Amino acid sequence: MTDVTGADDVLHTLFRTDQGGHEQVVLCQDRATGLRAVIAIHSTALGPALGGTRFYPYATEAEAVADALNLSRGMSYKNAMAGLDHGGGKAVIIGDPDTITASEKEELLLAYGRCVASLGGRYVTACDVGTYVADMDVVARTCQWTTGRSPENGGAGDSSVLTAFGVFQGMRASAQHLWGDPTLRGRTVGVAGVGKVGRHLVGHLLADGAQVVITDVREESVRALTELHPGVTVAADTEALIRTEGLDIYAPCALGGALNDESVPALTAKVVCGAANNQLAHPGVEKDLADRSILYAPDYVVNAGGVIQVADELHGFDFDRCKTKAAKIFDTTLAIFARAKEDGIPPAAAADRIAEQRMAEARRH
């Protein structure tokens, strides 16, 4: 008899809770290459589901499924708020990409591409944590529904450039809403995580006249950025960063869950606006922020520049066209703050309402 321990928990989540509601969840396996993957399609109301592939050493299969469900749901809201004709999907590959050889990884990604292709275009994949442009070039060899490829292979290349640009637009909107001026000049911004997106964000902030404090668990990332921008200040860790006196804006740009029961009471900043996904550790954190008069720019709204870029790739990539669309994140963020004030709710709830309204209207047509 097959042991299905944990399956009941997954089915309960899918069919009986608010966190479920997904259209389709696919478990993929290829024993020859060691591939174990989960593809979650939350919604195709607005069009084919679009979202990245995360390659990560999850502790358990249940943790991987839960991550795919949460991330795919977030992509539905992100794509809706970005004005894209795409629903939300996400995939996770279980494993550590740093512990396999290049040839093993190539074969695994080719097998993964075949799994995505089997969905016939209901899900379009791209990069995420643990996957890169070169990986999408490999996946594209067995799956036409792949974005985030290299320019040499007809793709848009590194999407972190426009992700950072979009977050910067969200910060400008936050400054406009709170201080009446859409500039970061003279403001102090703390950036936690200066990897692919964070390092580009720091460049925008410095160019706009902000003072920047950074931290990252990777010493080499901090070293590379301070060599490029000697004017930045370095905090020992995130705990020290969020407690920095005089901090105006906190930008979480690493992994999710940055806003939780421990960090929110310690924040000195008046604005939170960053690139990380799923920043709110649990429902209710957005109210905790509002109770402290901390303005929260919803993560899936301000970090949508990357998905705007990879979506455009499907129509023949044009960087200027993408940048124009990403610049609209400024107006979208302001509209969310206005809706939040009008409805008397936190910005995260206002963003959800707007996204849900667009998806509901699409389903009626």
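> Give me helix α15 (residues 347-364): which residues, what numbers.
Since one α-helical turn is 3.6 residues long, residues separated by three or four positions face the same way. Taking 1.5 Å per residue as the helical rise, α15 with its 18 residues ought to reach 26 Å, and the 26 Å between its terminal C-alpha atoms agrees with that figure. Regarding α15, the residues found buried are Pro347, Ala348, Ala350, Ala351, Ala355 and Met359. Those residues of α15 hidden inside the fold are in contact with β2 (35-43), α2 (61-81), α10 (285-291), β11 (295-296), α11 (299-302) and α14 (329-343).

> How would you sum up the pattern of salt bridges? Please name residues and give values.
Where charged atoms from two side chains of opposite charge approach closely, those side chains can pair. Using the criterion set out here, one finds 17 salt bridges in the structure. Where Asp312 meets Arg321, a salt bridge forms, and the shortest distance between an N and an O atom there is 2.7 Å. Judged by its relative accessible area of 2%, Asp312 falls in the buried class. Among the charged side chains, a network of salt bridges with common partners joins Arg54, Asp67, Lys90 and Asp128.

> Lay out the nonpolar core in plain terms, naming residues and giving numbers.
As a rule of thumb, soluble globular proteins bury nonpolar side chains together. If you look at the biggest cluster of nonpolar residues, it comprises 43 residues, and the most contacted ones within it are Met171, Val191, Leu201, Leu205 and Ile214. The element best represented in this core is helix α5 (residues 160-179), accounting for 6 residues. Val26, Cys28, Ala49 and Val139 belong to the second largest nonpolar core, which has 23 residues in total.

> Requested: an account of the pairing of strand β5 (residues 123-127), with residues and values cited.
Among the 5 residues of β5, 4 are classified as buried, and the element is accordingly described as predominantly covered. Two strands pair when backbone bridges link them, and strand β3 (residues 49-56) and β5 are joined in this way by 5 bridges, in the parallel orientation. Note that in β5 the partner of Gly52 across the bridge is Ala126.

> Explain the pairing of β3 to me, using residue names and the numbers behind them.
In terms of burial, β3 is a largely internal element, 7 of the 8 residues being buried. Sheet topology note: the β3/strand β4 (residues 87-94) ladder contains 6 bridges and is parallel. Bridging from a neighbouring strand, Tyr56 pairs with Ile94 of β4. Viewed along the sheet, the connection from β3 through α2 into β4 turns out right-handed.

> Just give me the short version of the packing of aromatic side chains, but keep the residues and values in it.
Enumeration over the complete set of coordinates arrives at 3 aromatic pairs. With a centroid separation of 5.9 Å and an interplanar angle of 65°, the aromatic rings of Tyr77 and Tyr300 are classed as edge-to-face. With Tyr77 in helix α2 and Tyr300 in helix α11, the pair connects residues that are 223 residues apart, well separated along the chain. The buried category is assigned to Tyr77, whose relative accessible area is 6%. For Tyr300, a relative accessible area of 11% puts it in the buried group. Relative to Phe319, the ring of Phe317 lies with its centre 6.4 Å away and its plane at 75°, an arrangement referred to as edge-to-face. Of the residues examined, Phe319 reaches a relative accessible area of 34% and is grouped as partly exposed. Here the basic side chain of Arg187 rests over the ring of Trp179, its NZ or CZ set 3.9 Å away from the ring centre. Lying over the aromatic face of Phe165, Lys323 brings its terminal NZ or CZ to 5.0 Å of the ring centre.

Thresholds applied
- Residues numbered from 1 in each chain as written.
- Predicted model: local features only at pLDDT ≥ 70, side-chain atom pairs only at ≥ 80, totals over all residues.
- Heavy atoms only, no water.
- Helix = DSSP H or I, 4+ residues; strand = E, 2+ residues; numbered from the N terminus.
- Expected span 1.5 Å × (residues − 1).
- Buried < 20%, exposed > 50% of the residue type's maximum accessible area, 1.4 Å probe, protein only.
- Contact = heavy atoms within 4.5 Å.
- Salt bridge = Lys/Arg side-chain N within 4 Å of Asp/Glu carboxyl O.
- Core = buried A, V, L, I, M, F, W, Y, C linked by side-chain atoms within 4.5 Å.
- Pairing = 2+ DSSP bridges.
- Right-handed = clockwise from strand over helix to strand, strands pointing away.
- Phe/Tyr/Trp six-rings, centres within 6.5 Å; stacked < 30°, edge-to-face > 60°.
- Lys NZ or Arg CZ within 6 Å of the ring centre and 35° of its normal.

Any functional reading would require information beyond the geometric quantities listed.
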